[in-house]
Amino acid sequence: MAKLKILKIGDETLRKVSRKVDVITPRINTLIDDMIETMRDADGCGLAAPQVGVLRRIVVVEVEEGKPIVLINPKIIAQAGVQEEIEGCLSVPGRNGKTRRPRHVTVRAMGRDGKEFEVSGSDLLARAFCHELDHLDGKLYIDEAIEMYD
Ligand code: NI
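Just so it is clear, the structure is predicted and the values come from calculations on it, not from any experiment. (Residues numbered from 1 in each chain as written. Predicted model: local features only at pLDDT ≥ 70, side-chain atom pairs only at ≥ 80, totals over all residues. Heavy atoms only, no water.)

Each helix and strand counted, the protein has two helices and eight strands in total. Going from the N terminus to the C terminus, the protein shows its helices and strands as α-β-β-β-β-β-β-β-α-β. Relative to the globule expectation of 15 Å for 150 residues, the C-alpha radius of gyration of the protein, 14 Å, shows essentially globular dimensions. The dimensions of the protein, computed from C-alpha atoms along their principal axes, are 40 × 30 × 30 Å. Across the 150 residues in the protein, those meeting the buried criterion constitute 45%. Here the contacts in the protein between residues at least 6 apart in sequence split such that 66% fall between residues at least 24 apart. Total accessible area computed for the protein in this model is approximately 7900 Å², and 47% of it derives from carbon and sulfur atoms. (Helix = DSSP H or I, 4+ residues; strand = E, 2+ residues; numbered from the N terminus. Rg over C-alpha atoms; globule rule 2.2 N^0.38 Å. Buried < 20%, exposed > 50% of the residue type's maximum accessible area, 1.4 Å probe, protein only. Contact = heavy atoms within 4.5 Å. Areas by Shrake-Rupley, 256 points an atom, 1.4 Å probe, with all protein chains shown as cover.)

See below:
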């Protein structure tokens, strides 16, 4: 595994729309392993492929230590409730902001085994899903933050 460089705000790649993954190649598998290592090393609870310069629809989320969730071509298929909490982003270092997100989210995605699955999350996990999926469409949480803190 290898630690990857995390792109920072101002890099154009973060603003691009990522492409779907059709086949999980060894290269994609290596990328996922490296993303997990990079997220953990940076003490983040989520990372999206465009943040490491790869415009593919892949995110990793780890809210519960030791249980990374890998989402390939993820889509939010259900959401409920509202939460306003503080979040940050590894690509926007040194800042935090308050955002409005759904409190409960269900995501449908492809797993590393190539099979479709659904995963639901509430609170921090729901927020992490929304935040990371936004990265796949070139969106950053600061775009719609209610308030920013430096
Ligand atoms: Ni982020």
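Taken as a whole, the largest pocket spans an internal volume of roughly 290 Å³. Considering the residues around the largest pocket, the lining is formed by 15 residues, among which Arg100, Arg101, Cys130, Asp134 and Glu144 are closest to the centre. Secondary-structure elements contributing two or more residues to the lining of the largest pocket are β3 (69–80), β5 (96–101) and α2 (124–135). Taken as a whole, the second largest pocket spans an internal volume of roughly 250 Å³. Ranked by residue count, the leading element in the lining of the second largest pocket is α2, at six residues. (1 Å grid on protein atoms, 1.4 Å probe; cavity = no way out; pocket = protein on both sides within 12 Å on 5 of 7 lines; lining within 4 Å. Points joined across faces, edges and corners; volume = space filled by probe spheres on them.)

In this section: helix α1 (residues 26–41). A rise of 1.5 Å per residue sets the reference length of α1, with its 16 residues, at 22 Å; its end C-alpha atoms lie 22 Å apart and thus fit the reference within 8%. Among all positions in α1, only Ile28, Leu31, Ile32, Asp34, Met35, Ile36, Thr38 and Met39 are buried. Next to the buried residues of α1 lie β1 (46–48), β2 (58–61) and β3. Downstream of α1 by a residue or two, Asp43 has a phi angle that is positive, lying close to 65°. (Expected span 1.5 Å × (residues − 1).)

Before going further, it helps to spend a moment on the sheet that holds strand β7 (residues 116–122). Pairing between sheet strands relies on hydrogen bonds along the backbone, with the strands arranged either parallel or antiparallel. Taken in spatial order, the five strands of this open sheet run β1-β2-β3-β6-β7, and their pairing is antiparallel. Either end of the sheet is taken by a strand with one partner, and the two such strands are β1 and β7. On average, adjacent strands in this sheet sit at an angle of 35° to one another, irrespective of strand direction. Against the sheet, α1 touches β1, β2 and β3, its axis set at about 35° to β2. Across the sheet, α2 touches β1, β2, β3, β6 (104–110) and β7, and the angle it forms with β7 is around 125°. (Pairing = 2+ DSSP bridges. Axes fitted to C-alpha atoms, helices over the stretch in contact; angles between N-to-C directions.)

Both β2 and β3 contribute to a ladder of four bridges, which runs antiparallel. Paired with Val60 across the strands is Val70, a residue of β3. Bridging between β3 and β6 involves six bridges; their strand directions are antiparallel. Pairing of Lys75 across the sheet is with Arg108, part of β6.

Limitation: the analysis is restricted to geometry and does not speak to function.
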